[in-house]
Every structure is written in structure tokens, then in C-alpha cells.
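The chain contents come next:
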Amino acid sequence: VFLGNGPSGICLSYLLSGYTPYFKRDSLHPHPILQRKLEEAPDVSILDQDLEYLSEGLEGRSHSPVALLFDTLQRPDTDFGGTAESVLTWWHETYRAIPHLVLGRNAPGGAWHSIEGSMVTLSRGEWMGLPGLLFKDWLKQKRRGLRNNRATAKDIAQYYQHYVMKKGLQKNFRCGTVVTSVRKVSAESISNHGQKDLQENSDSLWNINEKNTEVFQVDGFFKTVKGDKESFSIYAENVVLATGTYDSPTWLGVKGENLSYVHHQLSALEEAVKDNSIGITSDPVLIVGAGLTAADAILFAHHCNIPVIHVFRRRVSDPGLIFNQLPKMMYPEYHKVHQMMKEQSADCAGPYECYVSFPEHHVLSFGKDKKCIFQDKNGYQKVYKISMALVLTGSNPNLSFLPNNGIDLAMDSDQPVNSKRNPIDVDPFTYECTQEKGLYALGPLAGDNFVRFVQGGALAVASSLLKKANKNPP
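Residues numbered from 1 in each chain as written. Predicted model: local features only at pLDDT ≥ 70, side-chain atom pairs only at ≥ 80, totals over all residues. Heavy atoms only, no water.

Where an unreviewed UniProt entry is consulted, the chain appears under the name Oxidative stress-induced growth inhibitor 1, with the organism given as Ciccaba nigrolineata. Under Subcellular location (unreviewed entry), UniProt gives the following word-for-word description of the chain: "Midbody". According to its UniProt record, the chain has this under Sequence similarities (unreviewed entry): "Belongs to the OKL38 family." (UniProt positions renumbered as here; feature names shortened; annotations may be inferred.)

Here it is, written out as C-alpha cells:
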């Protein structure tokens, strides 16, 4: 059972449906050592090879060796601006398929359906694609091109839905489901009970292996066409967590943050503009945070001529600031925000109207009178009257369905799971949780935050599950 039907879950479903990657004969990978390794066993699927051996020595923009491996096999020289073809060829070997269910709240594509459709992706469009169907080829069918090599969130969401249909994966997907609990139970206690699962047919999906003394019980409900909730329980030997990290926006934890004018999602600003509750003549909108979501909010407000006060903790020149890591040519709009942050602080007026930045400041409180107090690094306080506040400082996964909110599974088991600071502790070559055998974590939960790199995790999980099911040829 997979929990989450975003890119991680879709890619893993593809790999477990019998789609098997092999090294394409006569292809040449620009990495000579990897090329030599691939030539050693051209008739053995990548899934059946030693992933640790293949990925040894690879370097790139991910900390995961398997993520780098799968990425470089599909896009050999993409980081150098090249367009070399994948060195993989895919065979559909149905006898290797492993029965599975992919449970998700939305349509296939996960959180991509919740993002404002016109938003442009941070990653290049071709990096958003999944195995066996190039994103740019799909876009061509729609007679569209990529803007500045990037795609809109709406395109991405539609592409993932199309991918599931095109690859015949839809029979494994159950949308509109909410999982409320995942826990280990003894196999004996359920062996006498017929399980009620989400299959249309009456055949049980899972054959409980008698050698396993414990299995996972997954409880939840799904929404029927009439809008009713119907509960279910599924028993599985393996569960994959792929629920992403967009569930719970981070709060500052300051006084007044629960007041009605304080919001934690960009959509609140879009709604307020749409229903004319704020406009050019309003008091400024306060935007807190210095990540890409905060930048998107600033760009949106700037486009609508809405005045903005921008508060963030870091220095503008801090190398950890995302803007200092993005190429200017590829991300002109984010470069513009960064310029505004530098040139238009409260201390010196700049060329940009309706915007003022407060670097190295933090919010102390929100008042009922819509007055916000913030403080600089020297302890000086400032008070501003605002129309609304957007706290856009990141988000955390919601793992309330796991015992102790999944904290025991994290790298630091004293702190909540966080995709950037405290991901789930997994084996780097199987993505199985080190603290709970049979439980796997993928994507942001395991620290992989870009679509191009979550696919390596799916490769690792599929390889591990195939070994367990003994469906790997000798």
C-alpha cells in the first residue's frame, strides 16, 4: 500500500506494474566509469543490479546516491545544459508486477492539484517528467511549448493524470481516500477475518505470508459519489509513505497568529484580490518569509499593485537564501524579487513602488487592530498597520496517522519530521525505514524535494520489494 499519489507514488506504481529498465545497448553515457559498470551486465535489469555499486562516485544536486543514479541514467548531461537521450530502455514484463494500491486524497498528481495553476515551476520542465513519457513530448501534443524551459503547475498536474492513464496504472489508484491510522498488528489476529479493502472485486489483494508474524493495518475512509464516508481496513506486508510535505504550513508561534487576517497560504491573497477585499488603496500586506512561496506572493501582489511589507530573518547576502543559489538567466522573476529585497529596504528608498523589505527582522505579535509588531537584530521594534498577513515560512508533513506522529522514524527522534531539517531515517539504497522494517518513505519525507530526484527513491523501493517478493531473476 502506498500512501500518497504524487510523483513518488506514480513512479513507484509504474515500476511495480512490470515496467523494467535495462541499459540500452550501443548507448554511451558521458560518465566513463558508470558506462563501464553498465556494460558489465547489459542483460540484467537496473532493478536487479547492485544500486550501491552503480551509484558509487556519482556527484550532483542531491544527497541521495540512488537519486543521482536514476537521474543520470534518464538525463545524462542535463546539469550541463545537454540534451543527451536516456541510456535506459523500458520493457513491460508483466510477470514481475507486484499487486499494490496507491491511496490519495486528490486525483493522481498529489499536491500539484492544490497549487495555483498559472504558477511556473522552479525546475526545468523536462525535469518534471516521469519514466517512459517525456514531458516535452506530452506538451507538444497539446501544441504548447515551455516558457523559459519551465512549465505551469496546471500542465504538470494534467501530465501526471495523463501518465497514469497512458501507462495503464489507474487500476492501482484509489483517489478520494483519507488514511487515519497505520499500525503493526499480528498476522494471526487477522487471518480469520476477511479484509475489506478498496478492490472492486472480491478477491483479496494481499496474501499474508505465514512467515511474517506482523503486518501493517491501514485504516481510513473514502468519499463515495454521494459524499458519504465509507471506512476501510487493508492489511499489507509493506507500506510506502509518499505523502509529501505540503499538509501543514509552519506557524511562527507568536501572539495573535490565529487572528482572521493572518494566513499561512498564498491562496488567501489570491482570494482576497479576487473578491476585492484588498486592492491598491489598502493598507500594506505583510509577507513573512524568504523562500520561493514568499517570492511568488510578492510577485502576485506587485502585479496587482498591492503594497507589501516584507519581513524575513536572514541577511539578503546569506548564501543559504534560495535566491543566491538560482541562475539569474533562468529565473528572472525571482532575481527581480531578490533585487527588490536588496535595494528597497526600510533604510533606503529604491526604484520599486509599493514594496519595502525588512531583512534580519522577525514578527513579535499580531494585534486585533491589525497592527503588527516586529523587531530587528538589535532589539528595536517597529509597528505597522496592515490589511492582511501571509506567513509563508515553509510547511510540515502531517503524519498524524502514524504512532507518535512518525517522530520515532525521524533522523532526530526528539523532533517532528521535516523534509529539509529532519527527514525520516531510511536506508539509502532501499529507502526502508531504519526503525521499522516493511515501512518505506519516499520523496520529501525522505529528504528528496525535487521531482527529478524522487524517482531514484522509487527505484530503490521497487528493487527492495522485488527482492522480497522474489520476482528478481537470479
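So much for the structure itself; the text now carries on.
> Please clarify how the overall build of the chain should be interpreted in this entry.
Of the regular secondary structure elements, the chain holds 11 helices and 22 strands. Summarising the internal contacts of the chain: among those between residues at least 6 apart in sequence, 68% fall at separations of at least 24. (Helix = DSSP H or I, 4+ residues; strand = E, 2+ residues; numbered from the N terminus. Contact = heavy atoms within 4.5 Å.)

> Which parts of the structure should I look at to understand the pairing of strand 2 (residues 19–23)?
The side chains of a regular strand alternate between both faces of the sheet. Counting buried positions over the five residues of strand 2 gives five, a clear majority of the element. Along strand 2, one buried face is formed by Tyr19, Pro21 and Phe23 and the opposite face, lined by Thr20 and Tyr22, is buried too. (Buried < 20%, exposed > 50% of the residue type's maximum accessible area, 1.4 Å probe, protein only.)

> What am I meant to see in the nonpolar core here?
A general tendency of soluble globular proteins is for nonpolar side chains to be buried together. Ranked by size, the top nonpolar core spans 80 residues in total, and within it Leu3, Val218, Leu241 and Ile424 carry the most contacts. Looking at which element gives the most residues to this core, the answer is helix 11 (residues 451–468), with nine residues. For Leu3, the residues in contact, after removing those within four places along its chain, are Leu103, Val179, Val182, Val218, Val239, Val240, Leu241, Ala242, Thr243 and Phe401. Formed by 32 residues, the second largest nonpolar core is a distinct cluster that contains Leu269, Ala295, Met340 and Met388. (Core = buried A, V, L, I, M, F, W, Y, C linked by side-chain atoms within 4.5 Å.)

> Honestly, a negative patch on the surface in this entry has me stumped. Any pointers?
On the surface, Asp50, Glu52, Glu56 and Asp427 cluster together to form a negatively charged patch. Mapped onto the elements of the fold, Asp427 is located in the loop between strand 21 (395–396) and strand 22 (439–441). Assessed through its relative accessible area of 31%, Asp427 is described here as partly exposed. (Patch = residues over 30% accessible without salt bridge, like charges linked within 9 Å, V, L, I, M, F, W, Y side chains within 5 Å. Areas by Shrake-Rupley, 256 points an atom, 1.4 Å probe, with all protein chains shown as cover. Salt bridge = Lys/Arg side-chain N within 4 Å of Asp/Glu carboxyl O. Lys, Arg positive; Asp, Glu negative; His and termini not counted. Charge placed at Lys NZ, Arg CZ, Asp CG, Glu CD.)

> Teacher, can you tell me more about the packing of aromatic side chains here?
The relation between two aromatic rings is expressed through the spacing of the ring centres and the mutual angle of the planes. Scanning all chains against the criterion turns up 11 aromatic pairs. Note on Tyr159 and Tyr160: the rings are 5.4 Å apart at their centroids and 55° apart in plane angle, and the pair reads as tilted. Centre to centre, the rings of Phe358 and Tyr384 are 5.5 Å apart; their planes meet at 65°, and the pair counts as edge-to-face. Taken together, the positions of Phe358 in strand 16 (residues 355–358) and Tyr384 in strand 19 (residues 381–385) put the pair 26 residues apart, joining distant regions of the chain. Stacked on the ring of Tyr53, the Lys or Arg Lys37 has its end atom at 4.8 Å from the ring centre. (Phe/Tyr/Trp six-rings, centres within 6.5 Å; stacked < 30°, edge-to-face > 60°. Lys NZ or Arg CZ within 6 Å of the ring centre and 35° of its normal.)

> Please explain the environment of Ser62 as it appears in this structure.
Tracing the sequence through the fold places Ser62 in the loop between helix 3 (51–55) and helix 4 (65–74). Placed 392 residues apart in sequence, Ser62 and Val454 show a C-alpha to C-alpha distance of 9.9 Å. Reaching out from Ser62, the side chain makes a polar contact with the backbone nitrogen of Ser64 at a distance of 3.0 Å. (Polar contact = N/O pair within 3.5 Å; in protein donor to acceptor, adjacent residues only side chain to side chain.)

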